[in-house]
Amino acid sequence: MMPWRSFLVGLAAASAGVVAVVACTTRAEPKDDAPTSSGGPPSSSGGSSGSGLDATPPDGPIACGAAPASSAPFTKQALLGAVADCAAWHACNFQNAATALRKSFRDH
């Protein structure tokens, strides 16, 4: 029974690695009718400034940079690092989308 367990654990780890790579290298194209925000210069923070729910939202888009990519050899530590980088990048893009939505809502 142990060989199957090792096989399944390896398969799960490989699947997680593939998901992380695909999620970070797939770029969602904005829709043509999606509102775009044009505000001040982008922030250099690269993420949310979070002080919890009472945090002041940014006025304009945050500079998220390019999608993270990793060329490191596959290890558990490298996988966890890639997942963290990918999650931070997606959170930054979500913050920009939420800011654009809020601005569009306020403008109408």
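Remember, it's a predicted structure, so these values are computed and weren't measured experimentally.

1. Points about the side chain of Asn96
Then, in step 1: Within the secondary structure, Asn96 is located in helix H2 (residues 76-107).
Then, in step 2: Of the residues examined, Asn96 reaches a relative accessible area of 15% and is grouped as buried.

2. Here's the deal with the pattern of salt bridges
Then, in step 1: Scanning the model with the defined rule gives one salt bridge in all.
Then, in step 2: Salt-bridge contacts for Asp107 lead to Lys103; the nearest nitrogen and oxygen are separated by 3.0 Å. Taken together, the positions of Asp107 and Lys103, both in helix H2 and four residues apart, correspond to about one turn of that helix.

3. Focus: the state of the cysteines
Then, in step 1: Inspection of every chain in the model, using the stated rule, returns one disulfide.
Then, in step 2: Two residues share a disulfide in this structure: Cys64 and Cys92, whose sulfurs sit 2.0 Å from each other. The S-S bond linking Cys64 to Cys92 shows a torsion near -90 degrees; that makes this disulfide left-handed. Of this pair, Cys64 sits in the loop between helix H1 (2-25) and H2 while Cys92 is found in helix H2, placing the two residues 28 residues apart along the sequence.
Then, in step 3: Relative accessible area serves as the criterion here: at 1%, Cys92 is assigned to the buried category.

4. Digging into the environment of Ala98
Then, in step 1: By the secondary structure assignment, Ala98 is in helix H2.
Then, in step 2: Remark: the alpha-carbon pair of Ala98 and Pro61, spanning 37 residues in sequence, is separated by 9.7 Å.

5. Focus: the side chain of Thr99
Then, in step 1: Residue position: Thr99 is located in helix H2.
Then, in step 2: You can call Thr99 buried: its relative accessible area is 1%.
Then, in step 3: Look past the residues within four positions of Thr99 in its chain and what remains in contact with it is Pro58, Asp59 and Gly60.

Rules and cut-offs
Just so you know, the residues in each chain are numbered from 1, in the order the chain's sequence is written. Whole-chain, interface and lining totals are the exception, using all residues; otherwise, since this is a predicted model, local features are given only for residues with pLDDT of at least 70 and side-chain atom pairs are given and counted only at 80 or more. Excluded from the side-chain calculation are hydrogens and water; included are all heavy atoms of the structure. Working definition: helices are DSSP H or I runs of at least four residues, strands are E runs of at least two. Numbering for both runs from the N terminus. Only protein chains enter the area calculation, which uses a 1.4 Å probe; residues under 20% of their type maximum are buried, those over 50% are exposed, and those in between are partly exposed. Throughout this description, the term salt bridge denotes a Lys or Arg side-chain nitrogen within 4 Å of a carboxyl oxygen of Asp or Glu. What counts as a disulfide here is a pair of cysteine sulfur atoms lying within 2.5 Å. Should any heavy atoms of two residues lie within 4.5 Å, those residues are considered in contact.

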